[in-house]
Amino acid sequence: EVQLVESGGGLVQPGGSLRLACAASGFTFSKYAMSWVRQAPGKGLEWVSGIDSGGGTTSSADSVKGRFAISRDNAKNTLYLQMNSLKPEDTAVYSCAKYPSKIVVPNFLDFAKWGQGTQVTVSS
């Protein structure tokens, strides 16, 4: 059974940083592209960033480009999201999701499985 467990969220002031992690199990992590998605209160699901199976190709939404960086450690079956220069509009529940193949597709939301998420709140 595919399991995705996120951690690292919390309350941070505007301009601050957080590093999210996603522990994956139940599938061969190194064979699949992975993604971060988020959902703000009262809004729909938003694709944030994606990374291919080998970690060599990444893509990010314009809203986070230059501030967020996605990475992965295939030896540890773990996905990361480094978030810098956080803004109040970044407040959301962040979840990781598994692509159906090794290729990252920007703005893809038709994931079969994603984790329960970790809350990120950016406020002074």
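A few points on the structure. Owing to the predicted nature of the structure, the values given are computational and were not obtained by experimental measurement.

### Side note on the packing of aromatic side chains
This structure, assessed with the given rule, holds five aromatic pairs. Aromatic pair Phe27 and Phe29: ring centres 6.2 Å apart, planes at 55 degrees, arrangement tilted. As far as burial versus exposure is concerned, Phe27 and Phe29 are alike and both buried. Ring centres 5.0 Å apart and planes at 80 degrees place the aromatic pair Phe108 and Phe111 in the edge-to-face group.

### Thoughts on the pairing of strand β10 (residues 118-122)
Side chains Thr118, Val120 and Val122 of β10 all project onto a buried face; the interleaved residues Gln119 and Thr121 project onto a face where none is buried. Summarising the sheet, strand β9 (residues 92-98) and β10 pair through three bridges and their orientation is antiparallel. Among the inter-strand pairings, Ala92 is bridged to a residue of β10, identified as Val120.

### Let's talk about the nonpolar core
Ranked by internal contacts, the top residues of the largest apolar core, which has 34 residues, are Trp36, Phe68, Leu79, Leu81, Met83 and Tyr94. Dropping the residues within four chain positions of it, Met83 is found in contact with Gly16, Ser17, Leu18, Leu20, Arg67, Phe68, Tyr94 and Val120.

### Description of the pattern of salt bridges
Taken as a whole, this structure holds four salt bridges when the rule is applied. Linking Lys65 and Asp62 is a salt bridge whose minimum nitrogen-to-oxygen distance equals 3.2 Å. Comparing Lys65 with Asp62, the two get one shared label, exposed. Across the pair Arg67 and Asp90 runs a salt bridge, and its minimum N-O distance is 2.7 Å. Taken together, the residues span a long stretch of sequence, with Arg67 in the loop between β6 (58-60) and β7 (68-73) and Asp90 in the loop between β8 (78-83) and β9 at a distance of 23 residues. Exposure remark for Arg67: the relative accessible area of 11% places this residue in the buried category. By relative accessible area, Asp90 is classed as buried at 1%. Three or more residues joined by partner-sharing salt bridges are found here, namely Arg38, Glu46, Arg67 and Asp90.

Cut-offs applied
- Residues numbered from 1 in each chain as written.
- Predicted model: local features only at pLDDT ≥ 70, side-chain atom pairs only at ≥ 80, totals over all residues.
- Heavy atoms only, no water.
- Phe/Tyr/Trp six-rings, centres within 6.5 Å; stacked < 30°, edge-to-face > 60°.
- Buried < 20%, exposed > 50% of the residue type's maximum accessible area, 1.4 Å probe, protein only.
- Helix = DSSP H or I, 4+ residues; strand = E, 2+ residues; numbered from the N terminus.
- Pairing = 2+ DSSP bridges.
- Core = buried A, V, L, I, M, F, W, Y, C linked by side-chain atoms within 4.5 Å.
- Contact = heavy atoms within 4.5 Å.
- Salt bridge = Lys/Arg side-chain N within 4 Å of Asp/Glu carboxyl O.

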